[in-house]
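A structural walkthrough
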Amino acid sequence: KQNLLYYQTNYFVIFILIVVFYSAVNMTRYLTGMFIISLILGALTLRSRYGLLPAAGIGLLAGLMGHTPAVMYTFCSLSVPILLSFIHASLRTRNIKNKMNSAVETLRVVPTPMGHILECLEGNSDYFKRLASMDKSK
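These figures come from a predicted structure and were not determined experimentally.

**Section: the environment of A70**
Along the chain, A70 falls in helix α5 (residues 68-91). Residue class for A70 comes out buried when judged on its relative accessible area of 6%. Separated by 42 residues in the primary sequence, A70 and T28 have C-alpha atoms spaced 8.4 Å apart. For A70, the residues in contact, after removing those within four places along its chain, are R29, T32 and G33.

Rendered as structure tokens:
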């Protein structure tokens, strides 16, 4: 569970960094591509009212105006981080430590110092029971 959250956070950070890098390298091309893609997606959402013609027209017009490289640049900037995440998830091997951590989590054993502190604060520990019994004996 924690391992999954760790990897998801790393994948999100990598995604943001790569998109920022692509946009910083060629801001005009990136923004032009984003604008054209958003126009096409907007026209596709309105296809129930107007049909597929507006989206096809915007795509054709962008292609004729020479903005196809901008659209491809933007698609690459969005697909490269996703592709890297899939490649990393596919090649990542589970080592013995990960398998042990998974087993410990399923058994609900609390091996960490923070886990022991939280257990003590819940009152489930022998430490608090001993303190309570010492207090009653006085």
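Past the structure itself, the notes keep going.
**Focus on the packing of helix α2 (residues 27-45) against α5**
In a pair of packed helices, the angle between the axes and the distance between the axes together describe the arrangement. Following both chains from N to C, one finds α2 and α5 inclined at 90°, their axes separated by 7 Å at the closest point. With respect to each other, α2 and α5 are oriented roughly perpendicular. Residue-level inspection shows R29, Y30, T32, G33, M34, I36 and I37 of α2 in contact with α5, the latter providing P69, A70, V71, Y73, T74, F75, S77 and L78. Each residue belonging to the contact of α2 with α5 can be placed in one class, and the counts come to 10 nonpolar, 4 polar and 1 charged.

**A closer look at a nonpolar patch on the surface**
A cluster of nonpolar side chains, namely F12, V13, I14, I16, L17, V20, L83, L84, I87 and L91, defines an oily patch on the protein surface of about 930 Å² accessible area. Secondary-structure elements contributing two or more residues to the nonpolar patch are α1 (2-25) and α5. When residues of the nonpolar patch are assigned to their parent elements, the largest contribution, 6 residues, is made by α1. For L84, a relative accessible area of 42% corresponds to the partly exposed category.

**Observations regarding α5**
The terminal C-alpha atoms of α5 lie 33 Å apart, and with 24 residues this matches the ideal 34 Å at 1.5 Å per residue to within 8%. The largest bend in α5 is about 25°, located at S79, with the proline P81 one to four residues further on. Listed in full, the buried residues belonging to α5 are A70, V71, Y73, T74, S77, P81 and S85.

**Focus on helix α4 (residues 53-64)**
Owing to its 3.6 residues per turn, the α-helix aligns residues three or four sequence positions apart on the same side. Here α4 contains 12 residues, and its C-alpha end-to-end distance of 16 Å stays within 8% of the 16 Å for a straight helix at 1.5 Å per residue. Just past α4, the residue G66 takes up positive phi, approximately 85°.

**Overview of the side chain of S77**
Along the chain, S77 turns up in helix α5. Here S77 falls in the buried class, since its relative accessible area comes to 0%. Once residues within four sequence positions are removed from consideration, S77 is found in contact with I18, V19, Y22 and Y30.

**A closer look at the packing of aromatic side chains**
One pass over the structure, following the stated rule, counts 2 aromatic pairs. Measuring from ring centre to ring centre gives 6.4 Å for F21 and Y22, while their planes differ by 80°; the resulting arrangement is edge-to-face. With 5.4 Å between their ring centres and 65° between their planes, Y22 and Y73 make a pair best called edge-to-face. Within this pair, whereas Y22 is found in helix α1, its partner Y73 is found in helix α5, the two being separated by 51 residues in sequence. Each member of the pair, Y22 as well as Y73, carries the same accessibility label: buried. One aromatic cluster in this structure is built from F21, Y22 and Y73. Between R29 and the ring centre of Y73, over which it is positioned, the NZ or CZ distance is 5.8 Å.

Cut-offs and rules
- Residues numbered from 1 in each chain as written.
- Predicted model: local features only at pLDDT ≥ 70, side-chain atom pairs only at ≥ 80, totals over all residues.
- Heavy atoms only, no water.
- Helix = DSSP H or I, 4+ residues; strand = E, 2+ residues; numbered from the N terminus.
- Buried < 20%, exposed > 50% of the residue type's maximum accessible area, 1.4 Å probe, protein only.
- Contact = heavy atoms within 4.5 Å.
- Axes fitted to C-alpha atoms, helices over the stretch in contact; angles between N-to-C directions.
- Parallel < 35°, antiparallel > 145°, perpendicular 65-115°, else oblique.
- Nonpolar A, V, L, I, M, F, W, Y, C, P; charged D, E, K, R; others polar.
- Patch = residues over 30% accessible without salt bridge, like charges linked within 9 Å, V, L, I, M, F, W, Y side chains within 5 Å.
- Areas by Shrake-Rupley, 256 points an atom, 1.4 Å probe, with all protein chains shown as cover.
- Salt bridge = Lys/Arg side-chain N within 4 Å of Asp/Glu carboxyl O.
- Expected span 1.5 Å × (residues − 1).
- Bend = angle between axes of the 7 residues up to and from the residue.
- Phe/Tyr/Trp six-rings, centres within 6.5 Å; stacked < 30°, edge-to-face > 60°.
- Lys NZ or Arg CZ within 6 Å of the ring centre and 35° of its normal.

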